[in-house]
Amino acid sequence: MTERQNRKAHPVRPARKVGMAAKRATSDRAATDGAAGNSAETRRGDGLVGAGRVGTGRTGTDKAEARSEDVRQSRADQTTARFGRMAKEPVGRPGAGASAGAGANAGTKTGTIAIADLRARFRAAMGQKRGWMRHWQECYEFALPQRNGASEQPGASGGVSGGEKKFDRVFDATAPDAVEQLAASLMAEITPPMGGWFTFEPGGNVADADRDILTARLARAASILQGHFDRSNFAVEMHQAFLDLVTAGTACLRLEADDFLSPSAFRFGAVPLRDVAFEERFDGRMDAVFRKLSLTRDEIARQWPDARLPNGDRGADRDAGQSPKRYAVVEAVLPDPGISGGYQLCVFFEDDGRVSGGLAGEDGVIHRDRFDVSPYIAFRWMKAPGEVYGRSPVMKALPDIKTANKVVELVLKNASIAVTGIWQADDDGVLNPAAIRLVPGSIIPKAVGSAGLTPLDAPGRFDVSDLVLSDLRDRIRRCLLADRLGQSDQPGMTATEVLERASENARLLGATYGRLQAELLYPLIRRAIHILVRRGELPDMPLDGDVVQLRHSAPLAQLPKRVQAGQAMDWLSRIATLGPEALGEVDMPHMVRWLADQFGVPDHLLRPMMPVLPVEASLEAGVLEDAV
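Each value, and the rule that gives it
Residues numbered from 1 in each chain as written. Predicted model: local features only at pLDDT ≥ 70, side-chain atom pairs only at ≥ 80, totals over all residues. Heavy atoms only, no water. Pairing = 2+ DSSP bridges. Helix = DSSP H or I, 4+ residues; strand = E, 2+ residues; numbered from the N terminus. Axes fitted to C-alpha atoms, helices over the stretch in contact; angles between N-to-C directions. Contact = heavy atoms within 4.5 Å. Core = buried A, V, L, I, M, F, W, Y, C linked by side-chain atoms within 4.5 Å. Buried < 20%, exposed > 50% of the residue type's maximum accessible area, 1.4 Å probe, protein only. Patch = residues over 30% accessible without salt bridge, like charges linked within 9 Å, V, L, I, M, F, W, Y side chains within 5 Å. Areas by Shrake-Rupley, 256 points an atom, 1.4 Å probe, with all protein chains shown as cover. Salt bridge = Lys/Arg side-chain N within 4 Å of Asp/Glu carboxyl O. Parallel < 35°, antiparallel > 145°, perpendicular 65-115°, else oblique. Left-handed = near helix turned anticlockwise from the far one by under 90°. Nonpolar A, V, L, I, M, F, W, Y, C, P; charged D, E, K, R; others polar. Polar contact = N/O pair within 3.5 Å; in protein donor to acceptor, adjacent residues only side chain to side chain. Phe/Tyr/Trp six-rings, centres within 6.5 Å; stacked < 30°, edge-to-face > 60°. Expected span 1.5 Å × (residues − 1). Bend = angle between axes of the 7 residues up to and from the residue.

### Remarks on the sheet that holds strand β4 (residues 276-279)
In spatial order, the strands read β4-β5-β6-β7-β8; together these five strands make up an open sheet with antiparallel pairing. Of all strands in the sheet, those with a lone pairing partner are β4 and β8 (365-371), marking the two edges. The sheet shows a mean angle of 15 degrees between the axes of neighbouring strands, direction not considered. One ladder, built from seven bridges, connects strand β6 (residues 327-335) with strand β7 (residues 343-349); its direction is antiparallel. In the sheet register, valine 329 faces β7, and the bridge partner there is phenylalanine 349. Contacts from helix α7 (residues 115-143) reach β4, β5 (288-295), β6, β7 and β8, with the element oriented near 105 degrees to β4.

The following block contains the structure:
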């Protein structure tokens, strides 16, 4: 059933009543907020109302009316509200989701980007990335050779299918081990696989009377969203992206909608840096993406069913070895310059269609569409002024990594000399070096008066090389935070030492975590919500801070709270030494609840607080008890 047929079968109740209720509620604040504030409140209230959503700024009477409206909502209205906005976008392939945006926003387009401009921008982006390729290759070669995201992919052009050795030039494994530890620590501290690293809270523009209802519904929305993350391949691909981030300083994650038969609505993919090139906006956002793909004709037809592929002779799409011919295809996702916002999608041949076998039009364009929210999420470790791509801790430690690698190589060569030895002999006409075999029981002839075969002392000193190597390894671990983000609950550490170490970790990763919040976490949640909204599983939630506010509750975000809790506990222990009178000045029930909030303890584990009676009511109750 199409969406139009669904609407005819189950007409959606218009949200005008709820909007008017929100408008009537906000009229109480008209004297202070003004007409502009009331209209903004009404729009936000209408935007959040849908599948059982509430508005903002309502009084107790209006809240009761809204509850009665929810009770009277029929099953058909609930079904329509949930599935009436079912995703139009195709799922399960690159470029999925663009057609839905094109159909919904076709009337708001202001014009597509010309293919000549796209090709010029693509060449400029690739030229800008070319200066980073050698630097990335060195970082991957010495720190993460098994995932070299900067080298050409073997097998992409029909060659070797991979599996070759990649540790031939690596003699010291300190850097690869530290890179994997840092990536695993980032995964556990920012996006832990066990979940619970984000929550939704009512924004500052929500009335107090509506916060309880909205909090419960936002908690359910967060649970639905977390369930899709848990059932997807998020943990696998996010770890690969963190490896790229630590090694090269820039990483790219693609989030696309999966089909309805999959257990999760999300499908993630960590895009290697060799396949993508970025443009940076004037405001610092790196959301203009060019991705190179090597695809056959059948793969192009499967990924973009409406691609411009004429029905020609398919025999011409074969190489000399009768394998399917691959074409260099560019997928460009660029911000829409029009007032409608969103992103334009254009898929075209890199070779301008001259050698594409007539698969596309004269301009080489295969497919055009648009996205409401970009599926590509690019994020950086740190950024130097005037540069688009980020810089990584491996780049800072690269001189020490290369030096330690060379020292270990020389030490191994010296060790082989020490084991096998270097021998010398006089040329006495009797000793033949070519016939000598250093095996047990061998007899080596020599002339009378000749010294024969004697060993040559090795000039190397292992103790000096060990000192140099130990210092280099310590610096590598310090640059890659391997000695700071390790296990913090070692035997013998007190609670104060654990908190101090957690505070140090928060200080070291504070700037990086702030950048990851802006470039990774917020775009990731926004894209995920957009996919579930189109599938009809979530209501439209504006993450603007006024109605809905996104809170990061990862372990790294909780470190400041735990430090504050530790300081409060230390203060409480000092107060207890002053006697019962000093301890009696502390409001223990509120103290316990504040500590529970700082440590993330669920509310259902605490007893409900009894309402505090005013002083007059307490005196009257005491008088009545005395009278009785």
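### Topic: the nonpolar core
If you look at the biggest cluster of nonpolar residues, it comprises 124 residues, and the most contacted ones within it are Phe200 and Phe229. Looking at which element gives the most residues to this core, the answer is α7, with 12 residues. Once residues within four sequence positions are removed from consideration, phenylalanine 229 is found in contact with Trp197, Phe198, Phe234, Phe266, Phe268, Leu524, Ile525 and Ala528. Residues Ala565, Leu572, Ile575 and Val586 belong to the second largest nonpolar core, which totals seven residues.

### Focus on a nonpolar patch on the surface
The grouping of Ile417, Ile422 and Leu456 at the surface amounts to a nonpolar patch, some 230 Å² of accessible area in total. Position of isoleucine 422 among the secondary structure elements: in strand β10 (residues 422-425).

### Digging into the packing of helix α16 (residues 555-576) against helix α18 (residues 588-598)
Direction vectors running N to C along α16 and α18 enclose 150 degrees, while the axes themselves pass 9 Å from each other. As the angle between them shows, α16 and α18 are arranged roughly antiparallel. Seen from above, α16 lies across α18 with left-handed handedness. Residue-level contacts link Gln558, Lys561, Arg562, Gln564, Ala565, Ala568, Met569 and Leu572 of α16 to Met588, Met591, Trp594, Leu595, Asp597 and Gln598 of α18. Looking at the contact of α16 with α18, its residues break down into eight nonpolar, three polar and three charged.

### A short note on the sheet that holds strand β2 (residues 250-257)
Pairing between sheet strands relies on hydrogen bonds along the backbone, with the strands arranged either parallel or antiparallel. Read across the sheet, three strands follow the order β3-β2-β9 without closing on themselves; strand pairing throughout is antiparallel. The open sheet has two free edges, formed respectively by β3 (266-271) and β9 (376-380), since each of these has just one partner strand. Each strand of the sheet is rotated relative to its neighbour by a mean of 25 degrees, with strand direction disregarded. Pairing analysis gives five bridges linking β2 to β9, with the strands arranged antiparallel. Along β9, the bridge assignment pairs threonine 250 with arginine 380. Here helix α15 (residues 510-535) sits on the sheet and contacts β2, β3 and β9; the angle it forms with β9, its principal contact strand, is near 170 degrees.

### Brief notes about the side chain of glutamate 387
Residue placement: glutamate 387 occurs in the loop between β9 and α12 (393-420). A polar contact of 3.0 Å, which involves the side chain of glutamate 387, links it to the side chain of arginine 391. Excluding its chain neighbours within four sequence positions, the residues that come into contact with glutamate 387 are Trp132 and Glu280.

### Describing the environment of proline 272
Structurally, the position occupied by proline 272 is in the loop between β3 and β4. Exposure remark for proline 272: the relative accessible area of 15% places this residue in the buried category. Considering only alpha carbons, one finds proline 272 and threonine 250, 22 residues apart in sequence, at a separation of 9.8 Å.

### Overview of unusual backbone geometry
A positive phi is found at leucine 481, a non-glycine position, where the angle reads about 60 degrees. With respect to the helices and strands, leucine 481 occurs in the loop between α13 (462-479) and α14 (495-508).

### Description of the packing of aromatic side chains
Each aromatic ring pair is described using two quantities: the centre-to-centre distance and the angle formed by the ring planes. Taken as a whole, this structure holds 17 aromatic pairs when the rule is applied. Between phenylalanine 122 and phenylalanine 348 the ring centres are 6.4 Å apart and the planes differ by 85 degrees, which places this aromatic pair in the edge-to-face class. One end of the pair, phenylalanine 122, is in helix α7; the other, phenylalanine 348, is in strand β7, and 226 residues separate them in sequence. Each of the two residues, phenylalanine 122 as well as phenylalanine 348, counts as buried. For the pair tryptophan 197 and phenylalanine 229, a centre-to-centre distance of 5.5 Å together with 65 degrees between the ring planes defines the contact as edge-to-face. Placement of the pair is tryptophan 197 in the loop between α8 (174-190) and β1 (199-202) and phenylalanine 229 in helix α9 (residues 211-231), with a sequence separation of 32 residues. Phenylalanine 229 carries the same exposure label as tryptophan 197, and that label is buried. Linked through ring pairs, Trp197, Phe198, Phe200, Phe229, Phe234, Phe266 and Phe268 together constitute an aromatic cluster.

### Focus on the environment of asparagine 233
For asparagine 233, the location among the structural elements is in the loop between α9 and α10 (234-248). The class of asparagine 233 is partly exposed, set by a relative accessible area of 25%. The sequence separation of asparagine 233 and serine 264 amounts to 31 residues, and the corresponding C-alpha distance is 8.9 Å. Leaving out residues up to four positions away in the same chain, asparagine 233 has contacts with Arg267 and Phe268.

### Examining the pairing of β4
Covered by surrounding structure in β4 are Val276 and Phe278 together with Ala277 and Glu279, the residues of both alternating faces. With four bridges joining them, β4 and β5 adopt antiparallel strand pairing. Bridging from a neighbouring strand, phenylalanine 278 pairs with valine 289 of β5.

### Structural notes on α7
Here α7 spans 39 Å end to end across 29 residues, near enough to the 42 Å set by a 1.5 Å rise per residue. Approximately 40 degrees is the largest bend angle found in α7, and it occurs at tryptophan 132.

### Looking at the pattern of salt bridges
It is possible for side chains bearing opposite charge to pair when their charged atoms get close. Considering all chains together, one arrives at 32 salt bridges under this definition. Across the pair arginine 473 and aspartate 172 runs a salt bridge, and its minimum N-O distance is 2.8 Å. Taken as a pair, arginine 473 in helix α13 and aspartate 172 in the loop between α7 and α8 lie far apart in primary sequence, 301 residues in all. According to the relative accessible area criterion, arginine 473 is partly exposed, its value standing at 28%. In this structure, aspartate 336 engages arginine 370 in a salt bridge whose closest nitrogen and oxygen atoms are separated by 3.4 Å.

### Structural notes on the pairing of β1
The two faces of β1 differ: Phe200 and Pro202 on one face are buried, but Thr199 and Glu201 on the other face are not. In terms of strand pairing, β1 meets strand β12 (residues 548-551) through four bridges, oriented antiparallel. Counted as the bridge partner of proline 202 is valine 548 from β12.

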